[in-house]
Amino acid sequence: VYLAVTLGVVGAGGTYACGRIADRASATDPRRKLLALATLQLLLAVTLPLALLAGSPFTVAALLIVPCAILAGYIGPTLALLQGIVDPRARALSAAIVLFFVNLVGAGIGPFAVGAISDALAVAAGPESLRYALLVTPLLCVWSAAHYWFAMPTLAGELRE
């Protein structure tokens, strides 16, 4: 119940807060929205392992507050950037394609891959194998941050008025 409330309430608050952070960061330069998103992904990569490696269930729950806020926070600013780049007639389709792949990986391939890694680690790590398999996700956050970072130099030329 606590985890559901944390994901719901904190995630909703994180969506709003991350959107505000990204909008304020990009007020003078649209590339700074990408910088804000890259920074949030790196913050997620640092805070998520703390929660995954904690021992007490209450400590885990408390340490999940920041990652849960950030997990939901990237999609709004990302879609806002996308809407500014693509032709207005293609905005709905481009958002649908991005959300399709986000859900394909996040709800499909990702959990399957983590489960497969957990199964592979089961002999060596025993009941802790799932915890260690989940530690792959912060590495993906670093990869995501790199993509936001590398997109910065070209963003200004691609934005539509």
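Keep in mind the model is a prediction, meaning the values are calculated, not measured.

Caption draft 1: Inspection of the overall build of the chain at higher detail. Of regular secondary structure, the chain possesses eight helices and zero strands. Taken from N to C terminus, the helices and strands of the chain fall in the order α-α-α-α-α-α-α-α. Buried residues in the chain amount to 30% of all 161 residues. Of all intrachain contacts in the chain linking residues separated by at least 6 positions in sequence, the fraction that spans at least 24 positions is 67%. Taking the average location of the 9 positive side-chain charges in the chain and that of its 7 negative ones, the two points are 8 Å from each other.

Caption draft 2: Summary view of the pattern of salt bridges. Enumeration according to the criterion identifies four salt bridges in this entry. Where Asp23 meets Lys33, a salt bridge forms, and the shortest distance between an N and an O atom there is 3.1 Å. Here the residue Asp23 occupies a position in helix H1 (residues 2-25), and Lys33 occupies one in helix H2 (residues 31-53), the gap between them amounting to 10 residues. Of the charged contacts, one joins Glu128 and Arg131 as a salt bridge, the two residues approaching to 2.5 Å between their closest N and O atoms. With a relative accessible area of 30%, Glu128 lands in the partly exposed category.

Cut-offs and rules
Residues numbered from 1 in each chain as written. Predicted model: local features only at pLDDT ≥ 70, side-chain atom pairs only at ≥ 80, totals over all residues. Heavy atoms only, no water. Helix = DSSP H or I, 4+ residues; strand = E, 2+ residues; numbered from the N terminus. Buried < 20%, exposed > 50% of the residue type's maximum accessible area, 1.4 Å probe, protein only. Contact = heavy atoms within 4.5 Å. Lys, Arg positive; Asp, Glu negative; His and termini not counted. Charge placed at Lys NZ, Arg CZ, Asp CG, Glu CD. Salt bridge = Lys/Arg side-chain N within 4 Å of Asp/Glu carboxyl O.

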